[in-house]
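Structural description and commentary
Residue strings, one per chain:
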Amino acid sequence: GSYGLTASIGSATNALPVFYDQISRRQLLKDQEVQTYISTLQNRKLTWEKSYDANIGLDLRFFKNKVNLTVDVYNRNIYDLLGNLNTSGIGGESVKLANYAEMSSKGLEFTVSGSPVTAGDFKWTTNFNLAFNQTKITKLDALPNIWRAVSATGGAVLGYPQRGLFSVKFAGLDPEYGYPTFYGTDGAATTYIRLQDDDIDILKYEGPTDPTTTGGFFNVFKYKNFSLSTLFKFSAGNALRLAPSIAASYSDMTTLSRDVLNRWILPGDEKITNVPALLDPVTAASILSSTGSTTNARYPYNLYNYSTERVVSGNYIKLSRITASYDIPKRITSKFKMTNASLIAACDNVAVLYADKRLNGEDPEFFSTGGVALPVPTQFTLSLRIGF
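Each value, and the rule that gives it
- Residues numbered from 1 in each chain as written.
- Predicted model: local features only at pLDDT ≥ 70, side-chain atom pairs only at ≥ 80, totals over all residues.
- Heavy atoms only, no water.
- Helix = DSSP H or I, 4+ residues; strand = E, 2+ residues; numbered from the N terminus.
- Rg over C-alpha atoms; globule rule 2.2 N^0.38 Å.
- Buried < 20%, exposed > 50% of the residue type's maximum accessible area, 1.4 Å probe, protein only.
- Contact = heavy atoms within 4.5 Å.
- Areas by Shrake-Rupley, 256 points an atom, 1.4 Å probe, with all protein chains shown as cover.
- Lys, Arg positive; Asp, Glu negative; His and termini not counted.
- Charge placed at Lys NZ, Arg CZ, Asp CG, Glu CD.
- Salt bridge = Lys/Arg side-chain N within 4 Å of Asp/Glu carboxyl O.
- Phe/Tyr/Trp six-rings, centres within 6.5 Å; stacked < 30°, edge-to-face > 60°.

**Some words on the overall build of the protein chain**
- Helix and strand counts for the protein chain come out as four helices and 21 strands.
- Radius of gyration (C-alpha) of the protein chain: 29 Å, far over the 21 Å computed for a compact globule of 388 residues.
- Taken along the three principal axes of its C-alpha coordinates, the protein chain extends 85 × 75 × 50 Å.
- Here the protein chain holds 388 residues, and the buried ones make up 36% of them.
- Across the protein chain, contacts joining residues at least 24 apart in sequence account for 65% of those joining residues at least 6 apart.
- On the protein chain, roughly 23,400 Å² of surface is accessible, and the fraction owed to carbon and sulfur atoms is 56%.
- Counting 38 positive and 34 negative side-chain charges, the protein chain places the centres of these two groups 12 Å from one another.

In structure tokens:
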């Protein structure tokens, strides 16, 4: 077991004011003089980011070290987190660095490994690890940033994980024109919601953007000089926001999303699809006149990309790697004055065995500024390893 306090200066650069000297700008050289200017104002209330960490671990060996078990439980309380806060500008800085938040983190990690089967020339070695982690913001001296909370990266909101993902509540498609509607502050369906930083209650919490459960399963099967290994990886507990690819209209320079194939086309389609229709200028004008709205008719389409309809599960199971190798016998390597030699064939990023179907092939493991990215290509390698 262990317990300790660690501290970090974080993103802070100064507590006292920072002054610099420079040459004044004058037309004539004889009129130039040295002047001092303030680069950064004093920020004497800053203190270090601090973390109190408690950890309890247990290591067990069974059956003459054939099975090994390692378990770790930890609790982490983080205080005086540093971040930028918007101010009124009094004093000369509209954005000021401050200790503005506290957060707790809890987790459990365990690993089972060993060689459960050893029979003659055959040996099976395995390693299974699983980790659970949960974070919660316990203090936040700032209003939540709505647009950061609905973006793919998630935002900091009091009482929620470090990066919680929120969404505008989707209310369905308009049965006449097929444009999206949303639940507003009064609970009624509308096309326009003016989100303020104190409107977090009208949004739906989807989950953290970081996985709460991760793990892997590694196996090596060896028979005489032949060896075969496999690595499976899995992750669960997080939510992902799909790329903002839905729009009211598209130009010839735009690559359409596959979702557009399932869009609303005729009245009645709202019962079988939640993908809004493409707008033409006549329909856009009709929307403005029928709803009495003064906002652009394309606004609800942008809001749709940040709604509950554009969130999918980040859970996945992947066969990450397969490796086959052959150790060349010493009677052959010794003839060439080699200590060892191996022929290795490997395949990386083999297959995604399970993922949300709405990802349409996008890889949930790799993030692109918080969203999902194109899958990493499968790679095949063949190598000869020689030692002298």
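**Quick notes on the side chain of Glu102**
- Summarising the element assignment, Glu102 is placed in strand β6 (residues 95-119).
- No salt bridge forms around the buried Glu102; measuring N to O, its nearest opposite-charge neighbour Lys139 is 4.2 Å away.
- If we skip the residues at most four places from it in the chain, Glu102 touches Ile78, Tyr79, Asp80, Leu81, Lys136, Ile137, Thr138 and Lys139.

**Considerations on the packing of aromatic side chains**
- In this structure the tally under the stated criterion is 16 aromatic pairs.
- Ring geometry for Tyr3 and Tyr52: centres 6.5 Å apart, planes at 20 degrees, overall stacked. A residue pair is termed long-range when its members are at least 10 positions apart, and Tyr3 in strand β1 (residues 2-8) and Tyr52 in strand β4 (residues 49-62) qualify at 49 residues.
- On the basis of an interplanar angle of 20 degrees and a centroid distance of 6.3 Å, the ring pair of Tyr177 and Tyr179 is categorised as stacked.
- For Tyr179, a relative accessible area of 5% puts it in the buried group.
- An aromatic cluster is built from Phe110, Phe128, Phe217 and Phe234, whose rings are joined through pairwise contacts.

**As for the environment of Leu266**
- With respect to the helices, strands and loops of the structure, Leu266 is situated in the loop between β15 (239-241) and α2 (281-291).
- As for Leu266 and Pro175, which are separated by 91 residues in sequence, their C-alpha atoms are 8.6 Å apart.

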